[in-house]
There are 2 protein chains.
Amino acid sequence: MMKKYTIKDISELAGVSKGTVDRVLHKRGKVSESALKKVNKILEEIEYKPNPIAKSLKNNKIYRVCILFPRSNQDSFWTPCLTAIKEMENNYQAFGISIEQHRYDSKSPTSFLEQANALIATKPDAILMAPLFYQEAQIIKKRCFEQEIIISTFNNVIDKNSLTNYIGQDLFQTGRIAAKLLDSLTTSGDLLIVHIDEQVQNATHMQEKENGFKHYFEEKNDPAYSISTININKTLDTNYFEFLDSYFKSNPNITGIFVTTSKTYVAAQFKTESRKDIKIVGYDLVEKNIEHLKKGSIDFLINQNPKKQAFQGLRNLAEHLLFAKEIPKETLLPIDIINSENYREYLE
Amino acid sequence: MMKKYTIKDISELAGVSKGTVDRVLHKRGKVSESALKKVNKILEEIEYKPNPIAKSLKNNKIYRVCILFPRSNQDSFWTPCLTAIKEMENNYQAFGISIEQHRYDSKSPTSFLEQANALIATKPDAILMAPLFYQEAQIIKKRCFEQEIIISTFNNVIDKNSLTNYIGQDLFQTGRIAAKLLDSLTTSGDLLIVHIDEQVQNATHMQEKENGFKHYFEEKNDPAYSISTININKTLDTNYFEFLDSYFKSNPNITGIFVTTSKTYVAAQFKTESRKDIKIVGYDLVEKNIEHLKKGSIDFLINQNPKKQAFQGLRNLAEHLLFAKEIPKETLLPIDIINSENYREYLE
DNA sequence: CAAAAAAATGTGTTCGAGCACATTTAAAAA
DNA sequence: TTTTTAAATGTGCTCGAACACATTTTTTTG
């Protein structure tokens, strides 16, 4: 364990005052070349790291960290984020971090823009957002950069090439995982990819998953399997059951379903009523899915872990503000495979 | 967001000096009843939380947090702990936390005692240990209490009723998970529980897992399945393959194997050479297991996640020392199900 | 060469908690 | 009532970084 040096230590070693050391460290200029040399020499020797605690105490600010995500009454997928927020509040309140929650209508880009702009107008220190709408998210991101508000995103990628600090999962890979699971559960047959009831903004989301799923089977190149895809949308097909029933009647060889959204329970419901033999893999630990998982009508769920995403995102921001910790450009969380026996520990 | 009160704020509100407030907060006595009342009244009103950063700065100590666990050359299971240690060092060094690594021979209770005692003699601030040996761990734990060294355990429970801060998994439940997985992978047959090459000290470990496994199938009560258990020990049966081969010849109806230790690859090796049809579920992301996972000769692994256990344990201790955060009595980590498609993200 | 301006360097205060020590007030003894 | 002793209360310094401001040194100009 090396000694912890302070600015005062350095100043004594270099034979200058702590003010001079401070100016060197912060590159504030007004330092003679000879003094600069002396200080830099010491700095090289000792590998100085400023005490983040003293730094933070001196700063002594209350930082406003805001999180912006869809309202839960539309999609219980987001509910676990509340737990993450509560935990963050408990852990970081005393450090001078204030967490604010802002919500928007997951079906309305306008609502997103309104909420985000209202939020920016209050000049928070940092924002973590789940950006469902690509175009609008870009605008908001740009605005944050202009106003020097630190911005991170979670759950949805808005730009693969840009440098928004992103916390989430490799969606393509989740598709491969689903494929592997259905491969384990079945030996042959038609596998059906089902996109249920999603808005346009999630299209890329679902597409990534579908691509991953297909990629796995293309790689395997097993003639025993064939894969097809359908879209179900509540507004078009008011009755899920009838739609699925007629589809399955004309395609009797289906042995497994991969649902690309949280609405896995819709397929599971159909399974219990009509085709008990098919295997189902889907997404997310929402209540209705867990019910089916327990009953056996869903075989596996893939956990997108919104709670962990939100928590990690908020934590990154808080520790950056408090202790100047670097925020990773991309945090890819592990992809959890969930069955009836291990879901409990993953719940909020 | 409520205001952050300081001791000075309180002293002004109560009309006393900050010294008096300090005495009330720390119950140091020497406070008149009238002053006590005034201060307590304010304290009730504002719900004061001391600033952990100021506290920590004042303290300004270098804390020694030590971790004690088996040497890796015997069992690569422990290797990921090194990553946890490195991460902790990077994150907490500047806060005045020094992490020390101490190792012992996983086959020798004496070695454990020696290392632990030598460690205690240096009077560290906190110890996190993986206590393989029940009796000896009890002794060490008691000694730590006497010397007022904070002690946590991980991976192995030493006493279900005691209050050692434990970080690990519900082993019984991991057995149930393995059972559910083999249930998913097969439709009937004999399932074999295999305990491979473990020392006595792990007996309870393995027993818990076996019990969980059996419990699942007892609950299911499916006549299509039957379950049996075998022990293999390298010292007794020098050749794993021969032993398994003869066993499988006399029990031809086995469809799945549950290996209760990291040595799952032993069963997988047998599978590739002789019985490609059987399904295998086992434990831990050690290199040899991952090889088989990729090749398909292991179907699922259950991740005991030693890295996360060590990290969580060290973190609890560090934040307790630095910021007086309470250490949870028991931290049960989620039990990860791993297949060939999601192991990557769980690796160190 | 002295005065003025500029550059360089040093000093002192702040953040909040905690504790040693100084000072004041109240109670007990003479 | 005065002195002694004890109890109560207040003051001031520390931790390390950061920055404002004061002081010193060097350079420029009349």
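The structure this text deals with has already been given above.
**Concerning the packing of helix 8 (residues 171-185) of chain A against helix 9 (residues 203-220) of chain A**
All names here are of chain A. The contact between helix 8 and helix 9 brings their axes to 6 Å, and the two run at 50°. Looking at the two axes, helix 8 sits oblique to helix 9. Our pair here, helix 8 against helix 9, has a crossing hand that is right-handed. Contacts between helix 8 and helix 9 involve L171, F172, T174, G175, R176, A178, A179, K180, L182 and D183 on the former and, on the latter, H205, E208, K209, N211, G212, F213, H215, Y216, F217, E219 and K220. Of the residues in the contact of helix 8 with helix 9, the class split is 8 nonpolar, 6 polar and 7 charged.

**A few points about the nonpolar core**
I127 and F154 of chain A together with I127 and F154 of chain B are the most contacted members of the largest nonpolar core, which has 96 residues in total. Setting aside chain neighbours within four positions, we find I127 of chain A in contact with C66, L119, I120, C144, I149, I150, I151, S152 and L317 of chain A. Membership of the second largest hydrophobic core comes to 38 residues, among which are I177, L185 and I335 of chain A together with L182 of chain B.

**Quick notes on the sheet that holds strand 2 (residues 97-104) of chain B**
By way of backbone hydrogen bonds, the strands of a sheet pair with one another, either parallel or antiparallel. Residues and elements named next belong to chain B. A sheet is described by the order of its strands in space; here 6 strands give the open sequence 2-1-3-4-5-11, paired in parallel fashion. Strands with a single pairing partner mark the edges of an open sheet, and in this sheet they are strand 2 and strand 11 (330-332). Adjacent strand axes in the sheet meet at a mean angle of 15° when their direction is disregarded.

**Regarding the relation of the copies chain B and chain A**
Note on the copies: chain B fits chain A at an RMSD of 0.0 Å, the axial shift is 0.0 Å, and the rotation between them is 180°. Each copy turns onto its partner about a two-fold axis. In this assembly, 98% of the residues forming the interface of chain B have copies in chain A that are likewise at the interface, indicating an isologous arrangement.

**As for the interface of chain B and chain A**
Across the boundary between the two partners, chain B contributes 44 residues, which contact 43 residues of chain A. Here chain B is connected to chain A by 2 salt bridges. Across the pair E341 of chain B and R176 of chain A runs a salt bridge whose closest N-O atoms are separated by 2.7 Å. For the pair chain B and chain A, the interface holds 10 residue pairs in polar contact (both at pLDDT 80 or more). At the level of elements, helix 4 (52-59), helix 8 (171-185), helix 13 (306-323) and strand 12 (336-338) of chain B are the ones that each hand at least two residues to the side of chain B that touches chain A. With 7 residues, helix 8 of chain B is the single largest residue contributor to the side of chain B that touches chain A. Of the residues in the side of chain B that touches chain A, the class split is 21 nonpolar, 12 polar and 11 charged.

**Describing the protein's contact with DNA strand D**
Not every one of the 25 residues close to DNA strand D is listed here, only the nearest: Y48 of chain A together with S17, S32, K58 and N60 of chain B. Restricting the count to atoms of DNA strand D within 4 Å of the protein gives a sugar and phosphate share of 62%. Take R28 of chain A: an N or O atom from its side chain is 2.7 Å from a phosphate oxygen of DNA strand D. Take Y48 of chain A: an N or O atom from its side chain is 2.5 Å from a phosphate oxygen of DNA strand D.

**Structural notes on helix 8 of chain A**
Residues and elements named next belong to chain A. Given a rise of 1.5 Å per residue, 15 residues ought to cover 21 Å, and the 21 Å separating the end C-alpha atoms of helix 8 matches this to within 8%. Of all 15 residues in helix 8, 14 are buried, a share of seventy percent or more. Two or three places before F172, at the opening of helix 8, D170 has a side-chain oxygen 3.2 Å from that residue's backbone nitrogen.

**Quick notes on the packing of aromatic side chains**
In the structure shown here, the tally under the stated rule is 33 aromatic pairs over all chains. Judged by centre distance (4.9 Å) and plane angle (85°), the rings of F95 of chain A and F323 of chain B are edge-to-face. Separated into two different chains, F95 of chain A in the loop between helix 5 (80-92) and strand 2 (97-104) and F323 of chain B in helix 13 make up a pair that spans both. F95 of chain A gets classed as buried once you look at its relative accessible area, which sits at 7%. Look at F112 of chain A and F133 of chain A: their rings are 6.1 Å apart centre to centre, the planes differ by 55°, and that puts the pair in the tilted class. Taken as a pair, F112 of chain A in helix 6 (residues 109-121) and F133 of chain A in the loop between strand 3 (126-129) and helix 7 (134-146) lie far apart in primary sequence, 21 residues in all. F112 of chain A sits in the buried class, given a relative accessible area of 0%. According to the relative accessible area criterion, F133 of chain A is buried, its value standing at 5%.

What counts as what
- Residues numbered from 1 in each chain as written.
- Chains lettered and ligands numbered in written order.
- Predicted model: local features only at pLDDT ≥ 70, side-chain atom pairs only at ≥ 80, totals over all residues.
- Heavy atoms only, no water.
- Axes fitted to C-alpha atoms, helices over the stretch in contact; angles between N-to-C directions.
- Helix = DSSP H or I, 4+ residues; strand = E, 2+ residues; numbered from the N terminus.
- Parallel < 35°, antiparallel > 145°, perpendicular 65-115°, else oblique.
- Left-handed = near helix turned anticlockwise from the far one by under 90°.
- Contact = heavy atoms within 4.5 Å.
- Nonpolar A, V, L, I, M, F, W, Y, C, P; charged D, E, K, R; others polar.
- Core = buried A, V, L, I, M, F, W, Y, C linked by side-chain atoms within 4.5 Å.
- Buried < 20%, exposed > 50% of the residue type's maximum accessible area, 1.4 Å probe, protein only.
- Pairing = 2+ DSSP bridges.
- Least-squares fit on C-alpha atoms with pLDDT ≥ 70 in both.
- Salt bridge = Lys/Arg side-chain N within 4 Å of Asp/Glu carboxyl O.
- Polar contact = N/O pair within 3.5 Å; in protein donor to acceptor, adjacent residues only side chain to side chain.
- Near = heavy atom within 4 Å.
- Expected span 1.5 Å × (residues − 1).
- Phe/Tyr/Trp six-rings, centres within 6.5 Å; stacked < 30°, edge-to-face > 60°.

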